[in-house]
Amino acid sequence: MSEAAPGAHGVVHTDQHAPQGFWRTYVFSQDHKTIGIQYAITALLFLLFGFTLMMIMRWQLAYPGQAIPFIGKLFGDSRAPEGIMLPEFYNQLGAMHGTIMVFLGVVPLAVGAFGNYVMPLQIGAPDMAFPKLNMMSYWIYFVGGVTMLSSFLMPGGAAASGWTSYAPLSVIATVGQTVWLFGMICLITSSLLGSVNFITTIFQLRAKGLSFMRLPFFVWAQLVTSFLLLLAFPPLEAAGVLQLMDRLAGTSFFMPSGLVVSGQALANTGGGNPLLWQHLFWFLAHPEVYVLILPAMGIVAEIIANNTRKPLWGYRSMVYATIFLGFMSFVVWAHHMFLTGMGTVISSFFQATTMIISIPSIIILTALFLSLWGGSIRFTTPMLFALAFLPMFGIGGLTGLPLGLAPADIHLHDTYYVIGHFHYVVAPGTLFALFAGLYYWFPKVTGRKMNDTLGKIHFWLSFAFINGVFMPMFIQGLAGVSRRLYDGGAMYSHAQGVMHLNVFMSVCAWCLGLAQIPFIVNFFWSIRKGKKVSDNYWDATTLDWAATTSPPMAHGNFSPLPEVYRGPYEYSVPGNGRDFLPQNTQAEVH
Amino acid sequence: MEIPYTVEPRPDTGLYNAKLGIWLFLASEVMLFGALFSSYVLLRVGATTWPHGYEHLNIPLATVNTVVLITSSVTMVMSWASLAMKNIRRYRLYMGATIALACVFLVIKGFEYAAKFEHGLYPSASTFMAIYFTLTGLHGLHIVGGVIVNSYLLGPGSRMWKTDPARFTNRVEVAGLYWHFVDLVWIFLFPVLYLL
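Given the structure is predicted, the values throughout are model-derived calculations rather than measurements.

1. Observations regarding the overall build of chain A
Counting secondary structure elements, chain A contains 16 helices and four strands. For 590 residues, the compact-globule estimate of 2.2 N^0.38 gives 25 Å, and chain A sits close to it at 24 Å. Counting only C-alpha atoms and orienting by the principal axes, one finds that chain A spans roughly 80 × 50 × 50 Å. Taken across its 590 residues, chain A has 62% of its residues classed as buried. Summarising the internal contacts of chain A: among those between residues at least 6 apart in sequence, 79% fall at separations of at least 24. When the accessible area of chain A is evaluated, it comes to approximately 21200 Å², of which 70% is carbon and sulfur surface. Averaged over its 26 positive side-chain charges, chain A has a centre that lies 7 Å from the centre of its 22 negative ones.

So this is what it looks like as structure tokens:
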């Protein structure tokens, strides 16, 4: 074993397998790398779809009541007669944009794709602990996604009660909401199976010598994320079951007594509690925020350490902060509900926990910033995205503080300020980190690197336009413009002063869409024609780079399994010939 | 390449993969039923009137069911112990008994449901009936899941005894852990719905 390893680049050669049939290799594969790629492709398509929904909505916001050009006629009379969007259709687009981006786009890409592909490689495992379960996770996710999409074809259209599906509105909504609930139950089940698999894999299949404090930060992020998914999603599943009962069996879990809709008393028994849905929903959906951000932080940490050629600053405190963040994320959920009348005592409690949970986020962000200090930074394409993540997530996080304070939230709640805040966390934050990860691990997956010129065009255009979309939202929100208005606030006098920003934001959103073209072109071009690179193109230290480039689509990543002798980020160790020491390098430095 | 620790435990965690996996899965199940029990508490506290369980529900039948389910947990342990003692014949006996008892539970539950429907007590009748049907229905689905897994382990799945007895014993142990959990949920459901 001791002689087995590291060649010039710490390469351990990959196990070769007898070829399997097409279906078992590419479709119903049980190999974590193939499943990771399946997740990545599906999630990227959903991201594009979800973004397209928003680009259509932005037309209505910029030019309320005017016919959508070019594609308006395609939606049919039930959605957009004469190309003019109906309010019902606008609501469907809004609800489905949120649902698709969060549950079908970002989480599957961050956890399903990067977690599946990179994590087992980084811990030196031959595969996930339960390969069949892994395949099942993907296919249940796929079914859930198709179910969600099919809801657009239901009578009355897709779910239209927001991605939060607040009761009682969602209970009396059209059949699209039922389809949404079935879709959600599929997605939740998929996440649960996936998280069981991830945690078991990290605990059980770490390579020899890979103690917990030698785990790359990305693996830590995935571990805590999996615990959040495991423990926070079941309450939403429970809530989904209860709402299905309300809709299908005529129960009143979320229906208060004496509810009157459009002048008609509803025929349910009543006695339920609409707030119960909000509690169950946010019990998931707040930890979900950290599910969105932690894998992104993990990716950024890997790329920053690699491109500053320095160890991460404060690795241990980052790990402890992540664990603490995981615990705290379960006791902050009701800060989304300050305006529901749940009482000032409860509000004070959740306000305090919310202020406390900002501390570990700041520790992680500070550690990442300080990691740049004194580094000789390589401004590669992934590094640009990772660097942009830091201030973007910073803006997202800091603008969240006023929302976490109950008095300030009275003014800001449900305005565009909220939209600006969480989009800064998830779009130029998480999505930029995910793009960084795509550029960073592309050579590992395909054996070729993506084109840097196109990558940098993609970066700078996206960076400019995405700020153009979200920065004005803070201004509109502070002016009191509500987030769910069909006309973007045109009918309200208090919104008139900031209405002109709508056109600017919409143009930026469409330009942001165009700015993704260099990425799409680059992606497909580089798969075939990109520059061929070595196994460890970035001169990285973690075990994923010890596997051969583009490991074959079959079980077994390493042959033999690697052994770990050192921490994850031994860059620029004095007295060493190279500026990096891979984790599986045995020789001591003298 | 074989995935390590499918049979023997990993020295530093002391667990084989499936055992850690099932404990994690059960943790998520605790959160699922925990959320439903919390909903029950919140709805009951907020209700103006709430019936006593015995006014609507059949306590003797539920008591019989409790005994049936606890017995099935015992036979489940015995089936695993039989495998540990290399006695596949007794394993079949006990596993068969476990499945039979689970079916008895479902049949009795079916009678209870039918009696409610006869009196027009559907889930929509009141919040109490709604939570009763939701909780017992979800628990019933868990029983059905257990019956399916156990039947597989009794039938086609038991071929593994010949090829890999240690791994098969592990599988039965893991199925047993799940079964005890389902049993435990009922131990909570029975007093909460029928007695309180």
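Having seen it, we continue.
2. Focus: the overall build of chain B
Check the secondary structure of chain B and you find seven helices and zero strands. Walking chain B from its N terminus toward its C terminus, one meets helices and strands in the order α-α-α-α-α-α-α. Once the C-alpha set of chain B is aligned to its principal axes, its extents read approximately 60 × 35 × 25 Å. Classification of the 196 residues of chain B by burial places 48% in the buried group. For chain B, the proportion of contacts with a sequence separation of at least 24, taken over those separated by at least 6, is 76%. Of the roughly 9000 Å² that chain B leaves accessible, carbon and sulfur atoms contribute 71%. One finds the centroid of the 13 positive side-chain charges in chain B at a distance of 8 Å from the centroid of its 10 negative side-chain charges.

3. A word on the environment of Ser29 of chain A
Residues and elements named next belong to chain A. If you trace the backbone, Ser29 turns up in the loop between helix H1 (22–27) and helix H2 (32–62). If we ignore the near neighbours within four places in the chain, the residues touching Ser29 are Trp23, Arg24, Thr34, Ile35 and Met135. One polar contact links the side chain of Ser29 to the main-chain amide nitrogen of Asp31, over a distance of 3.0 Å. A polar contact of 3.5 Å, which involves the side chain of Ser29, links it to the side chain of Thr34.

4. Regarding the pattern of salt bridges
One side chain can pair with another of opposite charge once the charged atoms of both are near each other. This structure, assessed with the given rule, holds ten salt bridges over all chains. Residue Arg566 of chain A is joined to Glu570 of chain A by a salt bridge in which the shortest nitrogen-to-oxygen separation is 3.0 Å. You can call Arg566 of chain A buried: its relative accessible area is 6%. The closest approach of N and O atoms between Glu112 of chain B and Lys109 of chain B, which form a salt bridge, is 3.2 Å. Here Glu112 of chain B and its partner Lys109 of chain B are both found in helix H4 (residues 88–118), three residues apart, which amounts to about one turn of the helix.

5. Points about the packing of aromatic side chains
Residue and element names in this part refer to chain A. What the rule picks out here adds up to 72 aromatic pairs over all chains. Every member of this aromatic cluster is reached through a ring pair, and the members are Phe385, Phe432, Phe435, Tyr439, Phe442, Phe459, Trp460, Phe463, Phe519, Phe523 and Phe524. Above the ring of Phe212, the side-chain terminus of Arg206 is found at 4.1 Å from the ring centroid. Across the ring face of Phe580, the terminal group of Arg578 is positioned such that the distance to the ring centre comes to 4.9 Å.

6. Focus on the interface of chain A and chain B
If you look at the interface, chain A gives 43 residues, while chain B gives 32 residues. With both sides pooled, the region where chain A packs onto chain B buries about 3000 Å², and carbon together with sulfur makes up 73% of that total. The largest share of the area that chain A buries against chain B comes from Gln204, Phe253 and Leu276 of chain A, three residues that together contribute 19% of it. Along the contact surface separating chain A from chain B lie six residue pairs in polar contact (both at pLDDT 80 or more). If you list the elements that add at least two residues to the side of chain A that touches chain B, you get helix H5 (176–204), helix H6 (217–249) and helix H7 (274–308) of chain A. Considering every element that reaches the side of chain A that touches chain B, the biggest residue donor is H6 of chain A, with eleven residues. For the side of chain A that touches chain B, the class distribution of residues is 26 nonpolar, 13 polar and four charged.

7. Some remarks on H5 of chain A
With 29 residues, H5 of chain A extends 42 Å from end C-alpha to end C-alpha; this agrees with the ideal 42 Å at 1.5 Å per step. Of all 29 residues in H5 of chain A, 26 are buried, a share of seventy percent or more.

8. Thoughts on the confidence of the model for chain B
As a general rule, the predicted coordinates of low-pLDDT regions are not to be interpreted in detail. Per-residue confidence for chain B gives a mean pLDDT of 95; residues scoring 70 or more make up 99%. Here the complex is predicted with pTM 0.94, and the ipTM for its interfaces comes to 0.96.

9. A look at the packing of H2 of chain A against helix H3 (residues 87–122) of chain A
Residue and element names in this part refer to chain A. Interaxial distance between H2 and H3 falls to 7 Å at its minimum, and their mutual angle equals 155 degrees. It follows that H2 is roughly antiparallel to H3 by the angle criterion. The chirality of how H2 crosses H3 is left-handed. Partitioned by chemical class, the residues of the contact of H2 with H3 number 28 nonpolar, nine polar and one charged.

10. Observations regarding a nonpolar patch on the surface
All names here are of chain B. On the surface, Ile70, Val74, Met78, Leu184, Ile187 and Phe188 cluster together into a nonpolar patch covering about 500 Å² of accessible area. Contributions of two or more residues to the nonpolar patch are made by helix H3 (59–84) and helix H7 (165–195). With respect to the helices and strands, Val74 occurs in helix H3.

11. Comments concerning the confidence of the model for chain A
With 95% of its residues at a pLDDT of 70 or more, chain A shows a mean pLDDT of 92. Residue range residues 1–17 of chain A is modelled with pLDDT below 50. Its contacts to residues more than four positions away, or to other chains, number 45 contacts.

12. Digging into H6 of chain A
All names here are of chain A. Spanning 33 residues, H6 covers 47 Å between terminal C-alpha atoms, matching the ideal 48 Å at 1.5 Å per step. Burial runs high along H6: 29 of the 33 residues are buried. Within two residues after H6, Gly250 carries a phi angle of roughly 75 degrees, on the positive side.

13. Some thoughts on unusual backbone geometry
Residue and element names in this part refer to chain A. Going from Ala167 to Pro168, the amide bond is cis rather than trans, its omega being 0 degrees. Among the structural elements, Pro168 can be located in the loop between helix H4 (131–150) and H5. Phi angles above zero are rare outside glycine, and Ser262 is one such case at about 50 degrees. Along the polypeptide, Ser262 turns up in the loop between strand S1 (260–261) and strand S2 (264–265). A relative accessible area of 74% places Ser262 in the exposed class. For Arg309, which is not glycine, the phi torsion reads 55 degrees and is therefore positive. Looking at the secondary structure, you find Arg309 in the loop between H7 and helix H8 (315–328).

Conventions used here
- Note on numbering: residues in each chain are counted from 1, in written sequence order.
- Lettering for chains starts from A, numbering for ligands starts from 1, and both go in the order in which the items are written.
- At least 70 in pLDDT is required for a residue's local features to be given in this predicted model, at least 80 for side-chain atom pairs to be given and counted, and no such filter applies to totals for whole chains, interfaces and linings, which use all residues.
- No hydrogens and no water enter the side-chain calculation; it runs on all heavy atoms of the structure.
- Each helix is a run of DSSP H or I of at least 4 residues and each strand a run of E of at least 2, with the numbering of both proceeding from the N terminus.
- Note that the radius of gyration is over C-alpha atoms, with the globule rule given as 2.2 Å times the number of residues to the power 0.38.
- Burial here depends on accessible area, computed with a 1.4 Å probe over protein chains only, as a share of the maximum for the residue type. Under 20% is buried, over 50% is exposed, and the range in between is partly exposed.
- Contacts are assigned to residue pairs that have any heavy atoms within 4.5 Å of one another.
- Exposure was quantified through the Shrake-Rupley algorithm and a 1.4 Å probe, taking into account, for residues, occlusion by the shown protein chains and nothing else.
- Charged-residue counts in this description rest on Lys and Arg as positive and Asp and Glu as negative, His and the chain ends being excluded.
- Throughout, a charge is located at the NZ atom of Lys, the CZ atom of Arg, the CG atom of Asp or the CD atom of Glu.
- Pairs of N or O atoms within 3.5 Å make up the polar contacts considered here, provided that, within protein, one atom can donate a hydrogen while the other can accept it, and that residues adjacent in sequence are counted only when both atoms are side-chain atoms.
- Only one rule defines a salt bridge in this text: a Lys or Arg side-chain nitrogen within 4 Å of an Asp or Glu carboxyl oxygen.
- Two rings from Phe, Tyr or Trp (for Trp, the six-membered ring) form a pair when their centres sit within 6.5 Å of each other. Planes less than 30 degrees apart are called stacked, planes more than 60 degrees apart edge-to-face, and all others tilted.
- Either the NZ atom of lysine or the CZ atom of arginine qualifies as a charge over a ring when it sits within 6 Å of the ring centre and within 35 degrees of the ring normal.
- What counts as buried area is the accessible surface, traced by a 1.4 Å probe, that two parts surrender upon association, with contributions from both included.
- Residues are grouped as follows: Ala, Val, Leu, Ile, Met, Phe, Trp, Tyr, Cys and Pro are nonpolar; Asp, Glu, Lys and Arg are charged; all remaining types, including Gly, are polar.
- In this analysis, the expected span of each helix is defined as 1.5 Å times one less than the number of residues it contains.
- Per residue, pLDDT measures the predictor's confidence, with a range of 0 to 100.
- A fitted line through C-alpha atoms represents every axis, and for helices the fit uses only the stretch in contact; the resulting angles, taken between N-to-C directions, go from 0 to 180 degrees.
- Note that the term roughly parallel is reserved for angles under 35 degrees, roughly antiparallel for angles over 145, roughly perpendicular for angles of 65 to 115, and oblique for everything else.
- In this scheme the handedness of a crossing depends on how the near helix is turned from the far one: anticlockwise by less than a right angle means left-handed, clockwise means right-handed.
- Only residues whose relative accessible area exceeds 30% and that form no salt bridge enter a patch; like-charged residues are grouped when within 9 Å of one another, and nonpolar side chains (Val, Leu, Ile, Met, Phe, Trp, Tyr) when within 5 Å.

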